[in-house]
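This is what each chain is made of:
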Amino acid sequence: GAGVSQSPSNKVTEKGKDVELRCDPISGHTALYWYRQRLGQGLEFLIYFQGNSAPDKSGLPSDRFSAERTGESVSTLTIQRTQQEDSAVYLCASSSGQGTEKLFFGSGTQLSVL
Amino acid sequence: AQTVTQSQPEMSVQEAETVTLSCTYDTSESDYYLFWYKQPPSRQMILVIRQEAYKQQNATENRFSVNFQKAAKSFSLKISDSQLGDAAMYFCAYRRYSGNTPLVFGKGTRLSVIA
């Protein structure tokens with residue numbers, strides 16, 4: 001596609017439910033990042049995929065968070081047993097993976113946990 | 001660990017005037033990249049300008065320029081001839097030079113442009 005696509009745009013869920021957030025990167029981009037943005041805050045790194053290498057999961061806040069990526073395509077971020085503090089915008093970004101180029105961001109998923 | 005600090009939560013500027021947004025960072029690396037991103041209400045992060053630490057010349061993109069002071073670890077963004085469309089959140093970000101490491105972001109500065 002022309003840009004990074006994220007779905008859903010908005011998600012409202014009840015505390016304790018599981019949610020899946022989807023990211024479609026730009027075709028051909030080998031690197032994919034997930035960030036979390038709490039209200040009024042900067043972006044917190046969550047996880048990074050680069051090609052077939054093991055993902056960098058160092059930013060995941062707890063074992064309730066996990067992410068997968070199939071090859072160099074779609075990625076899914078899963079949050080299990082959601083808590084109110086998980087409410088945030090979840091942003092995905094991709095890049096060509098050459099190290100110096102810019103990241104292209106999606107418009108994010110606004111997650112609200114009631 | 002690298003940190004990025006934006007000390008101005010909010011700034012405002014009159015249309016057509018100039019405004020400077022501040023950013024400082026902490027790193028022990030000698031080579032790295034610095035970025036300014038703009039986030040309008042649409043939430044999509046847009047790259048405004050990028051600076052390589054090994055370059056002494058300050059980066060410029062049309063009305064946007066930076067003042068990069070490596071020794072002081074300072075990286076401010078100057079917006080000239082401010083326009084209403086410049087109103088947004090602005091984030092300063094750092095990235096190590098080696099490897100595809102993630103960007104480290106500051107907490108942002110909300111810029112308002114007054115007509």
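Residues numbered from 1 in each chain as written. Chains lettered and ligands numbered in written order. Predicted model: local features only at pLDDT ≥ 70, side-chain atom pairs only at ≥ 80, totals over all residues. Heavy atoms only, no water.

Asks: What exactly am I supposed to notice about the interface of chain A and chain B here?
Replies: Think of interface size as the accessible area that goes away when the parts come together; that is how it is often given. On the chain B side, the residues contacting the 28 residues of chain A number 18 residues. Taking both partners together, chain A and chain B bury about 1900 Å²; carbon and sulfur atoms supply 48% of that area. Taken together, chain A and chain B are joined by zero salt bridges. Applying the counting criterion to the chain A and chain B interface returns seven residue pairs in polar contact (both at pLDDT 80 or more). For the side of chain A that touches chain B, the secondary structure elements donating two or more residues are strand 4 (31-37), strand 5 (43-50), strand 8 (88-95) and strand 10 (109-113) of chain A. Broken down by element, the side of chain A that touches chain B gets its largest block of residues, four residues, from strand 5 of chain A. (Contact = heavy atoms within 4.5 Å. Buried area = accessible area lost by both parts, 1.4 Å probe. Salt bridge = Lys/Arg side-chain N within 4 Å of Asp/Glu carboxyl O. Polar contact = N/O pair within 3.5 Å; in protein donor to acceptor, adjacent residues only side chain to side chain. Helix = DSSP H or I, 4+ residues; strand = E, 2+ residues; numbered from the N terminus.)

Asks: Looking at this structure, I do not really get the pattern of salt bridges. What am I missing?
Replies: Pairing between side chains of opposite charge can happen when the charged atoms of each approach one another. Throughout the structure, instances matching the rule amount to nine salt bridges over all chains. Residue A:R22 is joined to A:D24 by a salt bridge in which the shortest nitrogen-to-oxygen separation is 2.9 Å. Judged by relative accessible area, A:R22 falls into the partly exposed class, the value being 37%. Of the residues examined, A:D24 reaches a relative accessible area of 23% and is grouped as partly exposed. A salt bridge links B:E29 to B:R96; the nearest nitrogen and oxygen atoms lie 3.5 Å apart. (Buried < 20%, exposed > 50% of the residue type's maximum accessible area, 1.4 Å probe, protein only.)

Asks: What's the story with the side chain of B:Q51 in this structure? I'm lost.
Replies: All names here are of chain B. Among the secondary structure elements, Q51 is positioned in strand 6 (residues 46-52). Q51 gets classed as buried once you look at its relative accessible area, which sits at 1%. Those residues in contact with Q51 that lie beyond four places of it in its chain are Y32, Y33, L34, Q57, N58, A59, V66, F68 and F75.

Asks: Please explain the sheet that holds strand 6 (residues 65-69) of chain A as it appears in this structure.
Replies: Backbone-to-backbone hydrogen bonds join strands into a sheet, with any given pair of strands oriented parallel or antiparallel. Residues and elements named next belong to chain A. An order of 1-3-7-6 is seen for the four strands of this open sheet, with the pairing classed as antiparallel. Whereas interior strands pair on both sides, the edge strands pair on one side only; in this sheet they are strand 1 (5-7) and strand 6. Shown here is a sheet whose adjacent strand axes are inclined to one another by a mean of 15°, direction ignored. (Pairing = 2+ DSSP bridges. Axes fitted to C-alpha atoms, helices over the stretch in contact; angles between N-to-C directions.)

Asks: What should I look at first to understand the state of the cysteines in this one?
Replies: By definition, a disulfide links the sulfur atoms of two cysteines through a covalent bond. Residues and elements named next belong to chain A. The full count for this structure, using the stated rule, is two disulfides over all chains. The disulfide bridge from C23 ends at C92, spanning 1.9 Å between sulfur atoms. The chirality of the disulfide connecting C23 with C92 is left-handed, given an S-S dihedral of about -65°. Of this pair, C23 sits in strand 3 (residues 19-24) while C92 sits in strand 8, and the two are 69 residues apart along the sequence. By relative accessible area, C23 is classed as buried at 0%. (Disulfide = S-S within 2.5 Å.)

Asks: Honestly, the nonpolar core in this entry has me stumped. Any pointers?
Replies: Side chains of nonpolar character tend, in soluble globular proteins, to be buried together. Residue and element names in this part refer to chain B. Among the nonpolar cores identified, the biggest contains 25 residues, and Y25, W36, F75, L77 and Y90 are the most heavily contacted of them. Elements supplying a minimum of two residues to this core: strand 3 (19-21), strand 5 (32-39), strand 6, strand 8 (64-69), strand 9 (74-79), strand 10 (88-96) and strand 12 (109-114). Of the residues forming this core, the biggest block, four residues, is contributed by strand 10. For F75, the residues in contact, after removing those within four places along its chain, are L21, C23, Y25, L34, F35, W36, Q51, V66, N67, F68 and C92. (Core = buried A, V, L, I, M, F, W, Y, C linked by side-chain atoms within 4.5 Å.)

Asks: Explain the confidence of the model for chain A to me, please; I cannot follow it from the model alone.
Replies: Where the model shows low pLDDT, its predicted coordinates should not be examined in detail. Taken residue by residue, chain A gives an average pLDDT of 92. The fraction at 70 or more is 95%. Confidence, expressed as mean pLDDT per element, reaches its minimum in chain A at strand 9 (residues 104-105) of chain A with 92 and its maximum at strand 7 (residues 75-79) of chain A with 98. (pLDDT = per-residue confidence, 0-100.)

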